[in-house]
Amino acid sequence: MGLKIAILEGDDIGLEVVPETVKVMKAAAAKTGLAIDWLPLPVGRKGHVATGHTMPQVLLDGLKTVDGWLQGPIGHNAYPRDDPTWINPPLRKRFELYASVKPVKSYPNIPSVHKGVDIVFLREVTEGMQSGSVVFAGTGEFRPNDEISIGMRVVTRKGANRVARAAFEIARTRPRKLVTAVHKEPVFRLVCGMFAEECRKVALEFPDCKLEEVLVDGMAMKLVMTPQRFDVVVTTNQFGDILTDEGAGLVGGLGLAPGLCIGECQAMAQATHGSAPDIAGQGIANPYSMIMSGQMLLEWLGRKRGDQAASKAAALIVQAVGKVIAEAKHLTPDLGGKASTSQMGDAIVAAL
Ligand code: NAD
């Protein structure tokens, strides 16, 4: 069958961690007979130098032709100051990648606030309270006079239903099969109410999974006290923005925070961390988050397309990364090791 995947390196450490990700994905694909057609596309500084634009037309045209892509971090520091053509590519919105999927997993030998944590967060990212994403034109915020500011929150049945469905589809593949819908329906009766209604509706189609509902303030506390009890967590944009960072903080922070933005047919692998200009060019960036984002892309495409070779390649990467972390011989400095970015990538390839 085969897949077509674009490579967007981004800026700063993106130029270091994205190539490691491609290396690992290529090695895993070779093991399982998965054919991947790779399409490097210019973005960020490279796009700016080549075309005068950080989100060139060739990038947008190219992305329409692929199953998914690797998106390295975009950095402000990589551009001349006050460059008016600088933009952080709004690819999520343009390609309607409606859910940000963020797994949070602790490892026994990596320092973290909690052990035994294994949660997948799904945050709706095309509506909610984020001003840029809720309106077609203008913004979701306005100030009628200097004493009043007003912000809008948008929840649609379509948006709530599809993120809930994506959560149950993931829960179905996991041993505990528990979906926790996070909202605050008793206060936000209409917006949170609609989100909760759609979660309940979708739950009826997944009798093998269980739905529980937790109010967002209680969730913030429970995550700190007993994160081990959660499996898949689904929520609206703003609540998810906060809870996913809290989740990453539970297990060791940015070095261990992969992510995948999913749409109906395409997905974008994007780690939580930024372009880390403070360590760029030193070869010490931790490639875990980007590699595991690539792993999530293969897993998602494998499930969506029924592509066994992609699913197997994704499973192999999980095993290999787990082995390298457990052995702790080839870890980057942020994880307490002495390895370079490429040495950690090589160790993962060897473990495959
Ligand atoms: P950052 O995530 O780049 O860095 C925060 C701290 O974490 C730094 O000390 C950095 O060295 C460290 N860090 C981050 N990733 C690491 C990794 N893989 N390995 C080891 N250490 C790592 O956040 P920031 O400094 O606030 O932002 C830097 C730039 O990145 C800014 O221009 C910001 O706008 C941009 N940014 C981009 C994205 C994105 O494109 N998705 C996301 C966040 C920030």
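Parameters at a glance
- Residues numbered from 1 in each chain as written.
- Predicted model: local features only at pLDDT ≥ 70, side-chain atom pairs only at ≥ 80, totals over all residues.
- Heavy atoms only, no water.
- Helix = DSSP H or I, 4+ residues; strand = E, 2+ residues; numbered from the N terminus.
- Rg over C-alpha atoms; globule rule 2.2 N^0.38 Å.
- Buried < 20%, exposed > 50% of the residue type's maximum accessible area, 1.4 Å probe, protein only.
- Contact = heavy atoms within 4.5 Å.
- Areas by Shrake-Rupley, 256 points an atom, 1.4 Å probe, with all protein chains shown as cover.
- Phe/Tyr/Trp six-rings, centres within 6.5 Å; stacked < 30°, edge-to-face > 60°.
- Pairing = 2+ DSSP bridges.
- Axes fitted to C-alpha atoms, helices over the stretch in contact; angles between N-to-C directions.
- Polar contact = N/O pair within 3.5 Å; in protein donor to acceptor, adjacent residues only side chain to side chain.
- Parallel < 35°, antiparallel > 145°, perpendicular 65-115°, else oblique.
- Nonpolar A, V, L, I, M, F, W, Y, C, P; charged D, E, K, R; others polar.
- Near = heavy atom within 4 Å.
- 1 Å grid on protein atoms, 1.4 Å probe; cavity = no way out; pocket = protein on both sides within 12 Å on 5 of 7 lines; lining within 4 Å.
- Points joined across faces, edges and corners; volume = space filled by probe spheres on them.
- Expected span 1.5 Å × (residues − 1).
- Arc of directions from axis to C-beta.

Caption draft 1: Focus on the overall build of the protein chain. Helix and strand counts for the protein chain stand at twelve helices and twelve strands. Here the C-alpha radius of gyration of the protein chain, 20 Å, is about what a compact globule of 352 residues would show, namely 20 Å. Taken along the three principal axes of its C-alpha coordinates, the protein chain extends 50 × 50 × 40 Å. For the protein chain, the residues scored as buried account for 53% of the 352 residues in total. A fraction of 75% describes how many contacts in the protein chain between residues 6 or more apart in sequence connect residues 24 or more apart. Accessible area for the protein chain stands at about 15400 Å²; split by element, carbon and sulfur atoms hold 57% of it.

Caption draft 2: Structural context of the packing of aromatic side chains. Applying the stated criterion to the full structure yields three aromatic pairs. Ring geometry for tyrosine 107 against tyrosine 288: centres 6.0 Å apart, planes inclined by 85°, an arrangement best described as edge-to-face. A residue pair is termed long-range when its members are at least 10 positions apart, and tyrosine 107 in the loop between strand E4 (99-105) and strand E5 (118-124) and tyrosine 288 in helix H10 (residues 288-305) qualify at 181 residues. Just as tyrosine 107 is buried, tyrosine 288 falls in that class too.

Caption draft 3: Just the sheet that holds strand E2 (residues 36-40), in detail. Taken in spatial order, the ten strands make up an open sheet running E2-E1-E3-E12-E11-E4-E5-E10-E8-E9, and their pairing is mixed. Unpaired on one side and paired on the other, E2 and strand E9 (210-215) mark the two borders of the sheet. The average undirected angle you get between the axes of adjacent strands in this sheet is 25°.

Caption draft 4: The arrangement of unusual backbone geometry in detail. At glutamate 96, a position not held by glycine, the phi torsion is positive, near 50°. Checked against the element boundaries, glutamate 96 lands in the loop between helix H4 (91-94) and E4. Among the residues examined, glutamate 96 registers a relative accessible area of 37% and is labelled partly exposed. Of note in this structure, alanine 276 is not a glycine but carries a positive phi near 40°. Mapped onto the elements, alanine 276 comes out in the loop between strand E12 (267-269) and H10.

Caption draft 5: Region of the structure containing the environment of threonine 126. Locating threonine 126 in the fold gives a position in the loop between E5 and helix H5 (131-134). Taking the relative accessible area as the measure of exposure, threonine 126 reaches 16% and is therefore buried. When the C-alpha positions of threonine 126 and alanine 351 are compared, they lie 38 Å apart, and in sequence the two are 225 residues distant. If sequence neighbours within four positions are ignored, threonine 126 has contacts with Leu97, Tyr98, Ser133, Arg162 and Asn237. One polar contact links threonine 126 to glutamate 124, side chain to side chain, over a distance of 2.5 Å. Within polar-contact distance, the side chain of threonine 126 engages the side chain of arginine 162 at 3.5 Å.

Caption draft 6: Layout of the packing of helix H8 (residues 216-225) against helix H9 (residues 237-250). Where H8 contacts H9, the two axes come as close as 10 Å, and the packing angle between them is 10°. The angle between the axes of H8 and H9 places the two elements in the roughly parallel class. Of the residues in H9, those in contact with Val216, Met219, Ala220, Leu223 and Val224 of H8 are Phe239, Leu243, Glu246 and Leu250. In terms of residue class, the contact of H8 with H9 is made up of eight nonpolar, no polar and one charged.

Caption draft 7: Expanded view of the site of the ligand. Lining the immediate surroundings of the ligand are 17 residues, of which Ile74, His76, Gly274, Ala276 and Asp278 lie closest. Between the ligand and the protein, one listed contact pairs an oxygen atom with a backbone N or O atom of isoleucine 74 at 2.8 Å. Taking aspartate 278, its side chain carries an N or O atom lying 2.8 Å from an oxygen atom of the ligand. Across the complex, the protein chains shield 67% of the 810 Å² of accessible surface that the ligand would expose by itself. Tallied by class, residues from the shell around the ligand come to eight nonpolar, seven polar and two charged.

Caption draft 8: Region of the structure containing the layout of surface pockets. If you add up the space inside the second largest pocket, you get close to 610 Å³. Around the second largest pocket, the lining is made up of 26 residues, and of these Pro103, Asp118, Val120, Arg174 and Glu299 lie nearest the centre. Of all the secondary structure elements, the ones that give two or more residues to the lining of the second largest pocket are E4, E5, strand E11 (260-262) and H10. The leading source of residues in the lining of the second largest pocket is H10, at seven residues. Taken together, the residues of the lining of the second largest pocket break down into 17 nonpolar, two polar and seven charged.

Caption draft 9: A look at helix H11 (residues 308-327). Along its 20 residues, H11 runs 29 Å from first to last C-alpha, staying within 8% of the 28 Å computed at 1.5 Å per residue. Within the sequence span of H11, burial applies to Ala309, Ala310, Ala313, Ala314, Ile317, Ala320, Val321, Val324 and Ile325. The buried residues of H11 all sit within an arc of 140° when viewed along its axis, so they share a single face. With respect to the buried face of H11, the exposed residues turned more than 90 degrees away are Gln308, Lys312, Gln319 and Ala326. As for H11, its buried residues are in contact with strand E1 (3-8), helix H1 (14-32), H10 and helix H12 (341-351). Sitting at the head of H11, aspartate 307 places a side-chain oxygen 3.1 Å from the backbone nitrogen of alanine 309. Immediately beyond the C-terminal end of H11, within one or two residues, lies alanine 328, with a positive phi of roughly 55°.

Limitation: the analysis is restricted to geometry and does not speak to function.
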